[in-house]
Amino acid sequence: MITLNILFKNVTKYSKKVYDEFLQFHAKKFSFKYHLFSIAVSMLILFCMMLHIQYHNYGIAIIFCAILTSFIIWRYFYPIAEVKEDYQSEKVTKQKAFTFTFYQKRFKVYSNMRYSFVKYTDLYKIFETDTFFYLYLDSRHSFLLDKSGFKKGTPSEFRDFIKKKCPFKYKN
């Protein structure tokens, strides 16, 4: 049996306060890209709609108008619904504790008798704030590591470690 050497261990309790702090951080980091993408796609759809109006293809122009309206409504309401769903999730309402155990080639996320392993190469980006490390799996999903939750290792040692593991993904 192979035993893995634990390099770092962190326990973070997810609460509404922690999630609010994360949402503020996330909005600050990604809202510009989100809005820029929304504007670009809206302008493209609007251009197609105007082009069809110019050539008197009113049926197709109406379809593009419906697509534009649907897109704008979806881009506005979907994030609100997603945040509401997360607020009502068990991890936030019951203030679940997540244990993160870091090894040389991967880390383990454990909560309530369930666990999964994540390779460092699977991380999308890593951000550090004064109180948290945010390990993003993609542009919308992330693990939150409270700096005060380190049971083995320190936040500064972890920073040095994660910078070496993910040099182009770490952002301060």
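### Some remarks on the sheet that holds strand 9 (residues 170–171)
Read from one edge of the open sheet, four strands run 7-6-5-9, paired in mixed fashion. Edge positions in the open sheet fall to strand 7 (142–146) and strand 9, since each of these has one partner strand only. Inspection of the sheet shows strand 6 (residues 132–136) paired to strand 7 by five bridges, in the antiparallel sense. Looking at the pairing, Phe132 lines up with Asp146 of strand 7. Along the sheet face, helix 4 (residues 155–165) touches strand 5 (125–128), strand 6, strand 7 and strand 9 and points at about 25° away from the line of strand 6.

### Let's talk about the pairing of strand 1 (residues 8–13)
In strand 1, alternate side chains face the same way, and those of Phe8, Asn10 and Thr12 are buried while those of Lys9, Val11 and Lys13 on the opposite face are not. In this structure, strand 1 lies alongside strand 8 (residues 150–152), joined through two bridges in antiparallel fashion. Each bridged residue has a counterpart across the sheet, and for Lys9 the counterpart in strand 8 is Lys152.

### Remarks on the side chain of Ser15
Within the secondary structure, Ser15 is located in the loop between strand 1 and helix 1 (16–54). Residue class for Ser15 comes out buried when judged on its relative accessible area of 14%.

### Overview of the sheet that holds strand 8
The strand order 4-3-2-1-8 describes an open sheet built from five strands, whose pairing is antiparallel. In this open sheet, the two edge strands, each paired with only one partner strand, are strand 4 (114–119) and strand 8. Between one strand axis and the next, the sheet turns by 20° as a mean value, whatever way the strands run. Across six bridges, strand 1 lies against strand 2 (residues 97–102) in antiparallel orientation. Following the sheet pairing, Asn10 is matched in strand 2 by Phe100. This element, helix 4, spans strand 1, strand 2 and strand 8 of the sheet and lies at about 110° to strand 1.

### Some remarks on a positive patch on the surface
The grouping of Lys28, Lys29, Lys33 and Lys171 at the surface amounts to a positive patch. Of the residues forming the positive patch, the biggest block, three residues, is contributed by helix 1. Mapped onto the elements, Lys28 comes out in helix 1.

### Some details on helix 1
Along helix 1, the sharpest kink reaches roughly 50°, centred on Phe30. Those residues of helix 1 lying buried are Val18, Tyr19, Phe22, Phe25, His26, Phe30, Ser38, Ser42, Ile45 and Met49. Structurally, helix 1 contributes buried residues whose contacts are with strand 1, helix 2 (58–87), helix 3 (90–93), strand 5, strand 6 and strand 7. Downstream of helix 1 by a residue or two, His56 has a phi angle that is positive, lying close to 60°.

Analysis parameters
- Residue positions are counted from 1 within each chain, in the order its sequence is given.
- Owing to the predicted nature of the model, reporting of local features is limited to residues with pLDDT of at least 70; listing and counting of side-chain atom pairs is limited to 80 or more, with chain, interface and lining totals taken over all residues.
- Note that water and hydrogens are dropped before the side-chain values are worked out from all heavy atoms of the structure.
- The pairing criterion is simple: DSSP has to find at least two bridges between the two strands.
- By the criteria applied, helices consist of DSSP H or I runs no shorter than four residues and strands consist of E runs no shorter than two, each listed in order from the N terminus.
- Residue contacts follow a heavy-atom distance rule, with two residues in contact if any of their heavy atoms lie within 4.5 Å.
- Geometry is summarised by axes, namely lines fitted to C-alpha atoms with helices restricted to the contacting stretch, and by angles between N-to-C directions that run from 0 to 180 degrees.
- Partly exposed residues are those whose accessible area sits between 20% and 50% of the maximum for their type, while under 20% is buried and over 50% is exposed, using a 1.4 Å probe and protein chains only.
- Grouping into patches uses exposed residues only, defined as over 30% relative accessible area, and leaves out salt-bridged ones; the cut-off is 9 Å for like charges and 5 Å for nonpolar side chains (Val, Leu, Ile, Met, Phe, Trp, Tyr).
- Only the protein chains shown count as covering a residue, and every accessible area follows the Shrake-Rupley method with a 1.4 Å probe.
- A side-chain nitrogen of Lys or Arg and a carboxyl oxygen of Asp or Glu constitute a salt bridge if their distance falls within 4 Å.
- Charged residues are defined here as Lys and Arg on the positive side and Asp and Glu on the negative side; His and the ends of the chain fall outside this count.
- Note on charges: their place is set at NZ of Lys, CZ of Arg, CG of Asp or CD of Glu.
- We define the bend at any residue as the angle between the axes fitted to the seven residues before and including it, ending there, and the seven starting there.

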